[in-house]
Amino acid sequence: MTTSLERRNALYGNDLACYERMVEIREFEKITNALFAAGSIRGTTHLAVGQEALALGMATTLQPTDVIAGTYRSHALALAFGLTPHSVLGEIMGKATGCCGGVGGSMHMCDTSVGVLPTSAIIGGGMPIAAGAALAFQVQKSKNIGVALFGDGATNIGAFHESLNLAAIWKLPVVFICDNNVYGEYSRINTTTPIEDLHKRAESFAMPHMAIDGMDIHAVRKGVGEAVDRARSGGGPTLVEAKTYRFSGHSRADQALYRPEGELEKWQKRDPLLVTEQDLIARKLITQDQIDQMKSTMEADLGALAKKVESDPEPELSAMFSNIWTPAKAGK
Amino acid sequence: MTAMRVRQAIVTALADEMRADENVIFFGEDVAEAEGPFKTSEGILEEFGPVRVRDTPISEMGFTGAAVGAAMMGLKPVVEIMFIEFLGVALDQVVTEGAKMRYLSNGTLSVPMTIRASVGSGLGFGCQHSQTLEHWFASTPGLKVLMPSDAQSAYSLLRAAIQDPDPVIVLEPRILYAERGEVDTSIVTKIGKASMRSTGSDITIVALGHMVNIAEAAIKAAGVSADLVDLQTIIPWDRETVLASVKKTGRLIVVEEAPQSGGWGSEIVAIVTAQLFSSLKSAPFRITTPDVPVPFNGGLEARFAPTSDDVVRQIKHALTQSGAPQPWWVAEGVAK
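Model, not experiment: these values are computed from the prediction.

**Student:** Honestly, the overall build of chain A in this entry has me stumped. Any pointers?
**Tutor:** Helix and strand content of chain A: twelve helices and seven strands. Relative to its length of 332 residues, chain A is compact, with a C-alpha radius of gyration of 19 Å against a globular reference of 20 Å. Seen through its principal axes, chain A has C-alpha atoms that stretch 55 × 50 × 40 Å. Going through the 332 residues of chain A one by one, you find that 53% of them count as buried. Sequence-distant contacts in chain A: of pairs separated by 6 or more residues, those separated by 24 or more amount to 75%.

This is the structure we're talking about:
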């Protein structure tokens, strides 16, 4: 069985593999959506359709020993960073085979073997934690870095400002990556936030900042790479704002009827899959036929996986009582 | 044994842990250069240096959350919250992040962090700086909550908290910081284990923090033979010790510096009543504060937390009648 780390390592230096993973995420989210509609998934899901390039760009710029604290919109992050579709879908379906043993759910992905800290369902919740992980790396004189991934909505919460401030004064090896997908839950950014170029908020912390095209993996790698290099070499934190767009509603309950006319269509022309396909075709790394074949194979494979996961074992009752406190002998 | 003040016992415990384990780091507001508003970190910066000992911005959510992240990466952060109320702005990081990280990592991560906070009434700080607030945490699975009652327990509980692999909150009664006591630095308390301040046969009194001292004075003044259980840990509390004691005495009073509604003592009274119903000689009951904010005026504040005079009155009631007494504010006709 392929491990998360093997899946992560397969991406480095391989643009075709990155594209295939983007296709995996896109098809995975379609299946998640269908399973939810069919009643096979409880609770809620937050799809990351349209945000694949950012996930892959981060995954191939960071090392597996770096850590990232992400959000409840967690599927793309998890798959890009290496978690298997089985462990992600297993978690979404509450199965014992899920990455959290089925007790976490769609919003909570984690795999420490590839640096994915538990994703938080609280807006901004992971930001102080990423700064704290970076504090540990600083104290331990490690070359690892911490990363916080959060949405545009998080830049209005206290955790954002406190984390950036703390990271700036302590010069922590951390990168703050804002996935500005234009909507905070059901509200467009202009109704909640006085500016739309959120990276400028770093000015008040005397912190380097930049906006990048979050729909293009190369632009993501370049921008995030610069921030990562700065953090790793002792230059302190950076705020990176990735301009993306949320192609789906906030969660399954949201049909996103509030979008201005034509906005979605405009952004769909910058669909990260499309952008990557054009790049790969131009570089003669893939043909349209191969793309079509890859998508249908992925759809079939993930469909078969979904059937398998549906019959995966449920967690034992004892799972409810596990991992509350650390067992006494597991260390101090 | 060494004689020291409670605040010195705290400094000593922190220093001993920092010497024993280089992963222990310490930060909070004015804890480094200024050595703590309550002088609970005297000499710590000087001995351990600015990498491990840091002043933070006034930013509890940021630095408490940073402790969660640093703990998950292998450090053992100790953070100081100057007044427990200040943890209100960081509650997400304690209750919803820190306490859940082991659960949400399928057991692959631990959060060995310690939060120290000063708590309690009696010093005229007013209603936003005098609460104990342990009930905010006592019903959050994943946390451990401790409260010392003297110099020895301040030392021994803090060492246990820092050594523990999970998030631990140590609530320090501010009124005790200047109190002196003998400390044996070889003692590290087992979390979840109560301590017997005195033993007797007629009644069991369970108390926590400064209320242990109030109860001790009351037992002496009443001239009764009582088991005085210093709970020390609120979660997980020591059921074994409490149940064994009440089985012996047949009577239970819990003394709490916390509002009557929703206090930790309700849990103890409920469990004891359910498990020892047939061996009880009188109704178990709680002595608490009224359901009011902590008043500033000195005369009023002196009546806010249980007093030894009132505990004496209620002990005598428990020894002579089967039903529970009224709280003082009802008995004196001040409030309902």
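**Student:** Looking at this structure, I do not really get the environment of glycine 120 of chain B. What am I missing?
**Tutor:** Residue and element names in this part refer to chain B. Looking at where glycine 120 falls in the secondary structure, it is placed in the loop between strand 5 (114-119) and helix 6 (135-138). C-beta crowding within 10 Å serves as the criterion here: with 27 such atoms nearby, glycine 120 is assigned to the buried category. Separated by 89 residues in sequence, glycine 120 and glycine 209 have C-alpha atoms that sit 9.2 Å apart.

**Student:** Just to check I follow, could you spell out the sheet that holds strand 14 (residues 285-289) of chain B for this structure?
**Tutor:** In a beta sheet, neighbouring strands are held together by backbone hydrogen bonds and run either parallel or antiparallel to one another. Residues and elements named next belong to chain B. Taken in spatial order, the five strands make up an open sheet running 9-11-10-13-14, and their pairing is mixed. In this open sheet, the two edge strands, each paired with only one partner strand, are strand 9 (195-198) and strand 14. Shown here is a sheet whose adjacent strand axes are inclined to one another by a mean of 25°, direction ignored. In the sheet, strand 9 pairs with strand 11 (residues 226-230) via three bridges, with the strands oriented antiparallel. Residue methionine 196 lies in a different strand from strand 11, and its bridge partner there is valine 229. Helix-sheet contacts for helix 12 (residues 308-320) involve strand 10 (203-207), strand 13 (252-259) and strand 14, and the interaxial angle to strand 13 is about 150°.

**Student:** Looking at this structure, how should I read the interface of chain B and chain A?
**Tutor:** For interface size, the figure often reported is the accessible area lost on association. On the side of chain A, 39 residues touch chain B, which itself brings 38 residues to the contact. Looking at the side of chain B that touches chain A, the elements with two or more residues in it are helix 2 (44-52), helix 3 (60-72), helix 4 (91-97) and helix 5 (101-104) of chain B. Among the elements that make up the side of chain B that touches chain A, the one with the highest residue count is helix 3 of chain B (ten residues).

**Student:** Help me understand helix 12 of chain B, please; the structure alone is not making it clear to me.
**Tutor:** In an α-helix, one turn spans 3.6 residues; hence positions three or four apart end up facing the same way. Residues and elements named next belong to chain B. Compared with the 18 Å implied by 1.5 Å per residue over 13 residues, the 18 Å span of helix 12 between its first and last C-alpha is a close match. Along helix 12, the residues that are buried comprise Asp310, Val311, Gln314, Ile315 and Ala318. Taken end-on, helix 12 shows its buried residues confined to a sector of 140°, consistent with a single buried face. Residues of helix 12 that are buried in the fold lie against strand 10, helix 8 (210-222), strand 13, strand 14 and helix 13 (328-331).

**Student:** Would you mind showing me how to read the sheet that holds strand 6 (residues 209-213) of chain A here?
**Tutor:** Residue and element names in this part refer to chain A. The strand order 1-2-3-7-6 describes an open sheet built from five strands, whose pairing is parallel. Looking at the sheet topology across the chains shown, the edges are occupied by strand 1 (67-69) and strand 6. Averaged over all neighbouring strand pairs, the angle between strand axes comes to 20°, with direction disregarded. The pairing of strand 1 with strand 2 (residues 146-151) spans three bridges and is parallel. Paired with valine 67 across the strands is glycine 146, a residue of strand 2. Across the sheet, helix 9 (residues 217-232) is in contact with strand 3 (174-180), strand 6 and strand 7 (238-243); its angle to strand 7 comes to roughly 170°.

Quick notes on the rules
- Just so you know, the residues in each chain are numbered from 1, in the order the chain's sequence is written.
- Written order determines the labels here, with chains lettered from A and ligands numbered from 1.
- Residue-level local features of this predicted model are given only where pLDDT is at least 70; pairs of side-chain atoms are given and counted only at 80 or more, and the full residue set underlies all totals for whole chains, interfaces and linings.
- Each helix corresponds to a stretch of at least 4 residues labelled H or I by DSSP, and each strand to a stretch of at least 2 residues labelled E; elements are numbered beginning at the N terminus.
- Between the two quantities, the radius of gyration covers C-alpha atoms and the globule rule is 2.2 Å times the number of residues to the power 0.38.
- Exposure criterion: with C-beta atoms placed from backbone coordinates, a residue whose C-beta has 20 or more other C-beta atoms within 10 Å is buried, one with 12 or fewer is exposed, and one in between is partly exposed.
- Once C-beta atoms are placed from the backbone, any two residues with those atoms within 7 Å are in contact.
- Should DSSP find at least two bridges between two strands, the strands are taken to pair.
- Axes, fitted as lines to C-alpha atoms, cover a helix only where it is in contact. Angles between the N-to-C directions of the axes lie from 0 to 180 degrees.
- Any helix carries an expected span of 1.5 Å times its number of residues minus one.
- Within this analysis, the arc is defined by the directions that extend from the helix axis to the C-beta atoms.

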